[in-house]
Structures are given as structure tokens and as C-alpha cells.
Amino acid sequence: SWDRSNCGIHVHVSRTAFGTSMPQSANHLIRFNKMIYDNQRQVERIAGRSSSYASFSDKGRVIRKVKNSSQSNGRYSAVNLDNVNTVEVRIFKGSLRKERILSAVEFTHAMVEFTRIMKIVPKQAPFAWARFVSYVTDHSDIYPNLFIIMNETFQREQQPTTQEGN
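The structure contained in this document is the topic of the report that follows. (Residues numbered from 1 in each chain as written. Predicted model: local features only at pLDDT ≥ 70, side-chain atom pairs only at ≥ 80, totals over all residues. Heavy atoms only, no water.)

**Overview of helix 2 (residues 40-47)**
So, point 1. Those residues of helix 2 that fall on the buried side of the exposure criterion are Val43, Glu44, Arg45, Ile46 and Ala47.
So, point 2. Those residues of helix 2 hidden inside the fold are in contact with helix 1 (24-38), strand 3 (86-93), helix 4 (98-117), helix 5 (128-138) and helix 6 (144-158).
So, point 3. Gly48 sits one or two positions beyond helix 2 and adopts a positive phi of about 75°. (Buried < 20%, exposed > 50% of the residue type's maximum accessible area, 1.4 Å probe, protein only. Helix = DSSP H or I, 4+ residues; strand = E, 2+ residues; numbered from the N terminus. Contact = heavy atoms within 4.5 Å.)

**Here's the deal with the environment of Phe18**
So, point 1. With respect to the helices, strands and loops of the structure, Phe18 is situated in the loop between strand 1 (8-14) and helix 1.
So, point 2. Phe18 sits 49 residues away from Lys67 along the chain, and the two C-alpha atoms are 14 Å apart.
So, point 3. When neighbours within four sequence positions are excluded, Phe18 is seen to be in contact with Val13, Gln24, Ser25, His28, Leu29, Phe32, Val87 and Val112.

**Digging into the pattern of salt bridges**
So, point 1. Counted according to the given criterion, the structure contains 6 salt bridges.
So, point 2. Linking Lys34 and Asp38 is a salt bridge whose minimum nitrogen-to-oxygen distance equals 2.5 Å. In this pair, Lys34 and Asp38 are both assigned in helix 1, 4 residues apart and thus about one turn of the helix distant.
So, point 3. The exposure class of Lys34 is partly exposed, given its relative accessible area of 29%.
So, point 4. Residue Asp38 is classed as partly exposed on the basis of its relative accessible area, which comes to 32%.
So, point 5. Residue Arg90 is joined to Glu88 by a salt bridge in which the shortest nitrogen-to-oxygen separation is 3.3 Å. For the pair Arg90 and Glu88, one class covers both residues: buried.
So, point 6. One connected set of salt bridges, linked through shared partners, spans Arg97, Glu99 and Glu152. (Salt bridge = Lys/Arg side-chain N within 4 Å of Asp/Glu carboxyl O.)

Listed below in C-alpha cells is the structure:
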């Protein structure tokens, strides 16, 4: 599954997780989408996937996406809002590894909870990902698999490469 490009893990979240009244639910959904789309590089690294089946083309159009139900790539958006009762996160590469599968669920849950309390302040935008990593680290007892995958991903990137391509 990990070596194929034609399959991925999709995690569905009930829309009620974002609130049951407007505009509260729309505002939370905007923050959730904004956090994922504005951090495409980091999200793709954690998810292990960059794919046309999980397009980030709605970056910069998140408010329109949420409020007008307007997605550039239809259901093939990184965060698909076409489903009536759920929000579908399509960013994860397929895997048979337990930690990877569970980390997809944990990432989605952590992102929902983190954006529930997050404030969007333009000056702080570059720090949003760092705050999310801190949130996951502080809650590693709740997100143990995500914590493992994040550490593996960042450690792998910190290792110097040799001339032989290792």
C-alpha cells in the first residue's frame, strides 16, 4: 500500500465535531481547513503523500470553500466538504503499518481539537505549525502514534545525506 500511488487513507469526521450552530461551526471549519492548507508542506510530510487525489488547490480560498461549498477539485480536495454529514481528510498515503494508520486518525483528531481553540492572527501565521507540533507533543499520551510518526519524519529529514544517496 505504501509503495502505490493509487490508494490512500481517508479519515471522516462528523460535521458536528465542528459545532452545531452557525457561525460557530463555519468558523471552526475555516480554521481547520486553513491550518491544513496553509501548512501543505508539513502536512504532506506527516501524511506521506502528495497526490492529485488530495489536492491543495483550495489554498487561499478557504473561506469561499467553506461558506459557499466551492471546491476547486471537487471531492479530490485535501479536505473534502462534499459529504453531507462528514468532513473527509484525504491527505494520507496508504499503509499497512499500525502506527501510520492510527496516526492518520490521531492527526485528524488533533487538528480538530487544536483548531477549536486556535485564533487566526496574521502576524502569527508562521508559528501556527510550531504551535500544533507543541500541542501534539504536550498531548503525546492522547496521540502516541502521531507523535511517533512526526518524530520519525523530522529525524529522517535531519539526517545528513552521503554521496552514495543514503
